[in-house]
Amino acid sequence: MRTLKIEPLTKEAFAPFGDVIETDGSDHFMINNGSTMRFHRLATVETAEPDDKAIISIFRADALDMPLTVRMLERHPLGSQAFIGLLGNPFLIVVAPLGDVPVSGLVRAFVTNGRQGINYHRGVWHHPVLTIEKRDDFLVVDRSGTGNNCDEHFFKEDELLILAPHQRTE
C-alpha cells in the first residue's frame, strides 16, 4: 500500500479539486462605513439544477483511528461541498481528480493550517471529513435537492492507501 504524503494546503496545489477558503492573499474591500473588511467570493456554491438550494449545516465529526487505511472516496455530482472548521483546528483532506472513478495513484492528501476551509468542486472525489482532533465542528455549505448526490467508490485491495498524519511534511 502507498502511504500518502500529506502536503500543506495551498490555493495552487488544491486548485484541481476546489477552492481554499482563506483570507491570506485574498482580495478584499471595506464595508460597513469602513469598520469591516470583506473577503469577497472566496468560493462559489455549485448546484446542478435550477430548483437546487445552497444550504448551511454543521457537522460534528469524531476522529478516525490513525494511521487510516483509505478504502473509499465519495463525490457529489450535483453540487459543491465546502468545509470550514469552526474551532480553529487543522484538518486533513484526501482527494482525487475528476473522473468516472478515482484513480488510487492520483490520490493526494492535504492538511489545513487551522485557518483555512475548503470547497470541493462538483464531482471531485474526496474522503469523508477527517478531523485530527478527537472531535471537531465544521460549517458545511452544500446542495439540497432531488436526485442522488453521493457516489461512493471502494478501492480494490491492491489500490488501498495509508494516511499517516505523523508523516506529514510542513
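See the structure above.
Position numbers for residues count from 1 along each chain, tracking the sequence in the order it is written. Owing to the predicted nature of the model, reporting of local features is limited to residues with pLDDT of at least 70; listing and counting of side-chain atom pairs is limited to 80 or more, with chain, interface and lining totals taken over all residues. Side-chain figures throughout are based on the complete set of non-hydrogen atoms in the structure, without hydrogens or water.

Asks: Please give an account of the environment of Leu87 that cites residues and values.
Replies: Within the secondary structure layout, Leu87 lies in the loop between β9 (81-85) and β10 (91-96). Remark: the alpha-carbon pair of Leu87 and Arg2, spanning 85 residues in sequence, is separated by 31 Å. Those residues in contact with Leu87 that lie beyond four places of it in its chain are Asp136 and Asp137. Under the scheme used here, helices are H or I runs from DSSP no shorter than 4 residues and strands are E runs no shorter than 2 residues, and both carry numbers assigned from the N terminus. Contacts are assigned to residue pairs that have any heavy atoms within 4.5 Å of one another.

Asks: How would you sum up the sheet that holds strand β15 (residues 135-144)? Please name residues and give values.
Replies: Taken together, five strands build an open sheet; the order of strands is β3-β12-β9-β15-β6 and the sheet is antiparallel. Every interior strand has two partners, whereas the edge strands, β3 (18-21) and β6 (53-62), have only one. Recorded for the sheet is a direction-independent mean angle of 20 degrees between the axes of neighbouring strands. In short, DSSP must find at least two bridges between two strands for them to pair. Fitting a line to C-alpha atoms yields each axis, with helices limited to the stretch in contact; the angle taken between N-to-C directions then spans 0 to 180 degrees.

Asks: Summarise the nonpolar core; cite the residues concerned and give the values.
Replies: Judged by nonpolar contacts, the single largest core of 17 residues is most densely connected at Leu4, Val70, Leu73, Val94, Val107 and Leu163. Breaking this core down by element, the ones donating at least two residues are β7 (68-70), β10, β11 (108-111) and β17 (161-163). Top contributing element to this core by residue count: β10, with three residues. Residues within four places of Val107 in sequence aside, it is in contact with Arg2, Leu4, Leu73, Val94, Val95, Ala96, Phe155 and Leu161. What we call a nonpolar core is a set of buried Ala, Val, Leu, Ile, Met, Phe, Trp, Tyr and Cys residues that are connected through their side-chain atoms within 4.5 Å. Burial classes follow relative accessibility: with a 1.4 Å probe on protein chains only, a residue under 20% of its type's maximum area counts as buried, one over 50% as exposed, and anything between as partly exposed. Counting residues in each nonpolar core, the second largest holds 16 residues, with Leu9, Phe83, Ile118 and Tyr120 among its members.

Asks: So what about the side chain of Asn149? Which residues, and what values?
Replies: As for its position among the elements, Asn149 is in the loop between β15 and β16 (151-154). Of the residues examined, Asn149 reaches a relative accessible area of 15% and is grouped as buried. Setting aside residues up to four positions removed in sequence, Asn149 forms contacts with Arg75, His76, Pro77, Leu78, Gly79 and Arg143.

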